[in-house]
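Structure assessment
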Amino acid sequence: MSLPQQPLWYKDAIIYQLHVRTFYDCNGDGIGDFRGLQQKLPYLEELGINTLWLLPFYPSPLRDDGYDIADYTSVHSSYGSLDDFKAFLNAAHDRGIRIIIELVLNHTSDQHPWFHEARSSRDNPRRDWYVWSDTDDRYRHASIIFLDTELSNWAWDPVSKSYYWHRFFSHQPDLNYDNPAVREEIWNVMKFWLELGVDGFRLDAVPYLVEREGTSCENLPETHEVIRELRRRLDAAFPGKMLLAEANLWPADLCSYFGTGDEFHMAFHFPLMPRMFMAVKLEDRKPIIEILQQTPQIPDLSQWCIFLRNHDELTLAIVTDAERDYMYDEYARDKTMRINIGIRRRLAPLMENDRRRIELLNGLLMSLPGTPIVYYGDEIGMGDNVFLGDRNGVRTPMQWNGHWNAGFSSADPERLYSPLVSNPVYGYQAINVDSQRRSEHSLLSWTRRLIQVRKSTPVFGRGTIEFLFPLNHRVLAYIRQLGNESVLVVNNLSSSAQAVELDLRKYNGAIPIEMFGRTAFPRVGSTPYLLTVGPYQFFWFRLRRI
Amino acid sequence: MTQESFLTDDFLRQLISVGEVDLLVGITSNEGGNTANPAVHAAEEAILRNFPRERAVLINLDGGSTGAGFSEGEEPGLILDEVGRSIKSLRTLRRISARSRNVFTVGTSLRTILAAADLSCARACVVIPASAENVVPSWIDSLLRPVYREGYDFVAPLYSRHKFDGLLTRNLLFPMSRTLFGRSVRELVPAEFAFSGRLAARCLAEGSWNDEALQETGELWMAIAALLGDYRCCQTFLGPKVRASSGSSVVSAIRQTVNGLFWSLDSTASIWLNPRQLSRVHTIGPDQQISGEYVRVDRKKLLAIYRSGIEELSQILGSILSPDSYAELSKLSSADETTFHLSNPLWVRVVYEFAASYHHSVLNRDHLVQALVPIYRGRVASFLIRHRVSNFEEIHADIEDLNQQFERQKNWFFNLWNMKGQGES
């Protein structure tokens, strides 16, 4: 079953991100699966999200958490079968939940049959599906991304006695997008999933698709052409479907991936994310305003995707050196918490389990321009385990209740794909869905209410933003506007109560209605509008002219 | 009962918006200060470069304002480092103004800054006059850093000076305060200085802000409060000090500083009359430097003023000084330039007698302090004659001897001070 056509659905989406493996294990093998996920759809519907983004679930040797795909048109046996996926997809659609799946365009696993064929002989028809060279000195201007593990972007293949190109791990050979057959096959892959009914793709590592000598081999015009071609075919054959770009770039560079509305529908606003954390720690609106002011206008049909945390580290690649040092000092003083150029921690531990700050950040996430993404478990304040290696500490099993394996699986605990978080503060006995369901004041209940209020108006997903500049820099205030609807958002970024005077003369005569309690506040006049805001408190006011 | 606040509603509104800060920079001006002022730029650069993570506010105290000053919401620009990279604070550098069409006295400025420091919970504050001509960012850093990073409560500046510059400091303020307070700070009336929020709160609470002496020499009163209050004090070397082109006259300098010192002695006597061991105040950088800057002084004119002063003020001086002291000063009037020498022992005795008479209010205190002016001119003339060709070491030895004289006559001064005198009930 497909959901009704709503061309701009992605602008109104509340996306929930998860890995099938982490959510619910239905068959008791210690690994989450599609049947388990399907069982938990009522929970997601109740939470209020309307879109799910699934991390890679394809057959894979899992040397890069599934981003090393060995078969693009199937499901990893640990997570179930293709039929399980179809059943899940239909069940999700029945509940009005759209499904975005992950697609890794740039490379495959070295275990993919295409690569086996390509390396088998230089004459093989699939030889040219990858990028080969007799020497390892081509494309020298391209940087090495995984400096910790890779010495070169070229790897020697002893089978075909030549080098193959890989921008990521050496077990992930890059596909050759100069080859029309590759482009055709990737489109076939997309078509396969679209015909099943998926609603969109999150395309991984898009800046690296094409290589050219003398360049950084990133963000090349030829790469954009590949994207445009995919978009043309998508729009023609599957209108209403969506492409989301993963490109960790500064906003001005990232904007090129929207093209003129003919490339991606959505792209992650990577630089905003660390700056939300920075602003709260600094108790100063500057980082957020600065980055949003640097963000160019995007085409009307395009949309930013914004997030607080995800399956990766809190990346600090798009910040200045001084900002990076500050973030490390404030959020990851213990070096175990650091990985690559970032911090491998979940939202609640980053906020020191301070409910007020967690709420404030979620308030920002839901009210700044863009489509928000909630990372699984953050709605209940799950913790992390920085001792698990790589980013696995933020990928632990979902904590459903305080019983056996947190209600995640009936397997013996030793069989779980990952240990549960079990410390006294964030462990599943303390933090779990069942216990939070019982309280109207739990973080889960609060998050549900937040999503509900967010969804009560399209202004947050589609409206413009206009910053107010009150003298008090601890207060971040802005107006979201769509048509006749105006919402005033006031965030106190500081740990102490603040008084703020807002210049609302444009809204003279309007009555601010606080959106959570539907309480009317004094009418806006011609003089500065005085508000007092508690520590880390935020207000959303609908400015009504009655 | 409500009491009218000395802070204007507008300034208070700005302060509330600023909220809590780590660093506060007060820039005082009575000439319609503006954002193009070099002191403002130096402060901004110092904060951006050296304290990028700290919450900071620049306060422009704009006396005699014609409406200039910081614009609301105006943000300082970026600065470039040596390799041309832009440097900026992680936070908003807040800039606010307290403006008045009236001239701000030193006391009003200081009180406003102390109140701002108290309300904004500032940990370290620095005061810079907008008229300071050669303030550089490193000055701000040198003054703020000891307070913010090392826990000092009061940081006085040290400058590189010409050997004939700062003579009132060398001949009176420094040696007298060193002797009586037991701690030596060379610049007791600092133009630029830094202090902690802790000291600011105490001074704000304890200052007799309506008193004229405090209004005129608030910084001196604060320095003394720090020295006597067992606060952690230090001095930091800033470099050469360019003399303000429109410097105040000797008369007004003495009126302000000596009056301020004597007034402070009066209000703190219960502390300094108790014997204190002389302790060194930590100095960051060289203790003092003599620069080659040329200072032109007319010795003949100084001597002429001395002679006429001794003669014209004989009656007043007679009620202030002991007969012996006055007799010696009178005798000196007849000496010519080659033999004129107002010795260290005599000078110290005269100063102590003035201080005691001030305490005993033998006559109007303002007139009393003004009567010191001709004698001070004589002392300066004597100093210039004696040290015309002296090097730094010779001057230093002489100042050290002066210090010893102050020390030797201290107990005698204490007795003089404690004697019930005229004007006392």
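Residues numbered from 1 in each chain as written. Chains lettered and ligands numbered in written order. Predicted model: local features only at pLDDT ≥ 70, side-chain atom pairs only at ≥ 80, totals over all residues.

Here we come to the overall build of chain A. Looking only at helices and strands, chain A features 16 helices and 22 strands. Since a compact globule built from 546 residues should have a radius of gyration of about 24 Å, the 24 Å found for chain A is in line with a globular shape. Across its three principal axes, chain A shows a C-alpha extent of roughly 80 × 55 × 50 Å. Looking at the 546 residues of chain A, the share that counts as buried comes to 51%. Counting contacts in chain A only where the partners sit at least 6 residues apart, residues at least 24 apart contribute 67% of the total. (Helix = DSSP H or I, 4+ residues; strand = E, 2+ residues; numbered from the N terminus. Rg over C-alpha atoms; globule rule 2.2 N^0.38 Å. Buried ≥ 20, exposed ≤ 12 C-beta atoms within 10 Å, placed from the backbone. Contact = placed C-beta atoms within 7 Å.)

This brings us to the pairing of strand S7 (residues 154-161) of chain B. Residues and elements named next belong to chain B. By the criterion of burial, S7 is predominantly enclosed, with seven of the eight residues buried. In this structure, S7 lies alongside strand S8 (residues 193-196), joined through two bridges in antiparallel fashion. Across the sheet, Val155 pairs through a bridge with Ala194, a residue of S8. Strand direction decides the pairing type here: S7 and strand S9 (residues 233-240), joined by seven bridges, are parallel. Looking across to S9, one finds that Val155 is bridged to Cys234. (Pairing = 2+ DSSP bridges.)

Residue and element names in this part refer to chain A. In this structure, Glu283 is a non-glycine residue whose phi angle is positive, near 55°. Among the secondary structure elements, Glu283 is positioned in the loop between helix H9 (272-282) and helix H10 (286-293). By C-beta crowding, Glu283 is classed as buried, having 20 other C-beta atoms within 10 Å. Residue Asp390 is not a glycine yet carries a positive backbone phi of 45°. Judged by C-beta crowding, with 14 C-beta atoms within 10 Å, Asp390 ranks as partly exposed.

What follows deals with the domain arrangement of chain B. Residue and element names in this part refer to chain B. When its domains are assigned, chain B resolves into domain 1 (9-290) and domain 2 (299-418). Mapped by element, the contributors of at least two residues to the side of domain 1 that touches domain 2 are helix H5 (167-181) and helix H9 (250-272). Residue classes in the side of domain 1 that touches domain 2 are distributed as 14 nonpolar, three polar and five charged. (Domains from an automatic or database assignment. Nonpolar A, V, L, I, M, F, W, Y, C, P; charged D, E, K, R; others polar.)

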